[in-house]
Amino acid sequence: MSRATLEAPGPIGPRSIPPDRGPVAAQPRWRRDFPIDSDDDDYVSRRDLLKYVVLTSGAFVVGQLWILLKTLLRAREPAFQPAPVAGVDELAVGAAKTFTYPQGSPPRLLVRLDAATFVAYDQQCTHLGCPIVPAVAQGKLHCPCHNGWFDVRTGAPLAGPPQRRLPRVDVEVRDGVVYATGVEG
Amino acid sequence: MPVPEKLEFFVDASRCIGCQSCVQACAECATHKGQSMIQLDYLDRQRSTQTIPVVCMHCDTPTCAEVCPADAIKRTEDGVVQSARKPRCIACNNCVLACPFGVPKMNSRMNLMMKCDMCYDRTSVGLRPMCASVCPSQALAFGTREEMARLRPRARAVNSFQIGRQLIRTKVNVMVPLELPDEIVDVTAAMYEPSIGHDPLDAMAPLEEEP
C-alpha cells in the first residue's frame, strides 16, 4: 500500500504544506484563494479598520478646521479696497463709463444719473451675459441681445428675459472723484 | 514578533503525573480567562492512571484550517496555528471533528472554537507557555533541542506522524524512547487488530488503485 513519503526530517518550514504534500503549483486554485498562511490572508483586523476610520475622519476634521480658519482670517481683512473710477467732471449727466473693479474683474458700468448721483452695475446681462448698454434718457439699461431691460436706478429687471437684478457696485464720491468701494454678491 | 526558532515545545507523556497544573495554568491566562485550551486525557482509564496532556501540535498541514469553511484558522510563519479568528468563526465544529490529534474544542457558550496557540502572547516574546512553565515533571517542556538532549539522554524528539494516509509534520515534538527505530510515529497502527486481520487502511485500498 502506498503512503506519502516525508522530506528530510527536522523542523517545519514557514509555509504550510498541502495535505497531499505535493508541489504548490499542482494545487487547485481555491487553495490560493483561501490560504492557510496568515501572511497571504487579506485579513483586516478590527483594530486596523478602526485605525483607518479614525485617522481618515480625523483628516477630514482637520481639513474642515483649516477651511474654517482660512474663512475667519479672510473675513477679518477688508474684502475691497476703494479704488478711483472716474473724476466727477469726466462724466456728463446721463453719460456712462466702463471700468473694472477690482483689478481684472469683468467690466462694470458707471452711470451718472444726475449732478450728485452715480450708480454702477455689472455690465453683464443676468440672462446670458451680453454686455448691457445704457439708455439713461429712458431711465433704463438695455441688453440688445434678447431685448432685456433693467431699471437704471435699482438694476432690477423690467422687461425681456432677465429675471435677476444686475449686481450692484457700491460707489462713493469723495473730493470730486468717484470711488468704487464694494461689489454686491 | 515570531516565536524564536531555537525554542521548541516537547511533550513527554510518560512523564505526565496527571496533576492538572497545566489545565489550571492555561485557564488562568488573561487572554482566554476561564477556558483551558489544554486537555488532560486518560490513556486507558480502566487499566491505568496514565494521563496525556494534549496541546496543539501545530501541524505544517493543519487539518483544522483545511476544513474550516469560514477561513478562520490561520498559521503564522513561525509555524504556530492560531486559534480561530473570533469575527470569522461560525462554530460549525468541523475543526473539532477533523483534527487528527483531537485538539480543538468548541466553546458553545461563546460560539467560538478556542484552541491552544502555544501561548502566542508569551512565546512570541521568548517566554515559556503557561503549561510548560508550571509542569512539575516537565512532561511539557519548552526549550532548545540541545538542552533537551542533555537533560533526557534516553529519549529523542519526533515530530512526524502517520495518521491513516495523512503524513503530518508538527512544530511540537513528542519524546519517544531512544531505541524506537522509526522516524515517523504511526498513530493509526494501534488500530490494527491482528486477530481479525483488520487494517483500517485496507478499507481505503480500492481508492488508491484509481488513477
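Within each chain, residues carry numbers counting from 1 in the order of the written sequence. Just so you know, chain letters begin at A and ligand numbers begin at 1, following the order they were written in. Selection of residues for local features in this predicted model requires a pLDDT of at least 70, selection of side-chain atom pairs for listing and counting requires 80 or more, and totals for whole chains, interfaces and linings are taken over all residues. To get the side-chain values, take all heavy atoms of the structure and skip hydrogens and water.

Asker: Give a detailed account of the sheet that holds strand β6 (residues 140-143) of chain B, specifying residues and quantitative values.
Answerer: Residue and element names in this part refer to chain B. Judged by pairing direction, the sheet is mixed, and its 5 strands sit side by side in the order β6-β1-β8-β7-β9 without closing on themselves. Because the sheet does not close on itself, it has two edges, and the strands there are β6 and β9 (185-186). For two strands to be treated as a pair, DSSP must find at least two bridges joining them. By the criteria applied, helices consist of DSSP H or I runs no shorter than four residues and strands consist of E runs no shorter than two, each listed in order from the N terminus. The pairing of strand β7 (residues 155-163) with β9 spans 2 bridges and is classified as parallel. Across the sheet, the residue bridging to F161 is V185, located in β9.

Asker: How would you sum up the interface of chain B and chain A? Please name residues and give values.
Answerer: A contact between two residues is defined here by any heavy atoms of the two lying within 4.5 Å. Counting residues at the interface gives 31 residues for chain B and 32 residues for chain A. Between chain B and chain A, roughly 2,700 Å² of surface is buried when both sides are summed, and carbon and sulfur atoms account for 49% of that area. Buried area, as used here, totals the accessible surface that two parts lose on assembly, with accessibility defined by a 1.4 Å probe and the loss added over both. For chain B, the biggest contributors to the area lost against chain A are E66, R75 and R169 of chain B; these three give 24% of the whole. By definition, a salt bridge exists where a carboxyl oxygen of Asp or Glu is found within 4 Å of a side-chain nitrogen of Lys or Arg. Two residues, R88 of chain B and D41 of chain A, come together in a salt bridge whose shortest N-O distance is 3.0 Å.

Asker: Describe the layout of surface pockets, naming the residues involved and giving the relevant values.
Answerer: Cavity: a set of points on a 1 Å grid over the protein atoms alone where a 1.4 Å probe fits but cannot get out. Pocket: an open set with protein on both sides within 12 Å along at least five of seven lines, its lining residues, like those of a cavity, having an atom within 4 Å of a point. Grid points are joined across faces, edges and corners, and a volume is the space filled by probe spheres set on the points. Taken as a whole, the largest pocket encloses approximately 980 Å³ of empty space. Around the largest pocket sit 31 residues that line it, and A13, S14, I52, V174 and M175 of chain B are the ones nearest its centre. For the lining of the largest pocket, the secondary structure elements donating two or more residues are β2 (39-42), β3 (51-54), β7, β8 (166-177) and β9 of chain B. Per-element accounting of the lining of the largest pocket gives the leading share, 4 residues, to β8 of chain B. Residues of the lining of the largest pocket, tallied by class, amount to 22 nonpolar, 2 polar and 7 charged. Taken as a whole, the second largest pocket spans an internal volume of roughly 660 Å³. Forming the walls of the second largest pocket are 19 residues, and the residues nearest its centre are T31, A84, R85, K86 and D117 of chain B. Counting only elements with at least two residues in the lining of the second largest pocket, the list comes to α2 (46-76) of chain A together with β5 (112-114) and α4 (120-123) of chain B. Three classes are used: nonpolar for Ala, Val, Leu, Ile, Met, Phe, Trp, Tyr, Cys and Pro, charged for Asp, Glu, Lys and Arg, and polar for all others, with Gly counted as polar.

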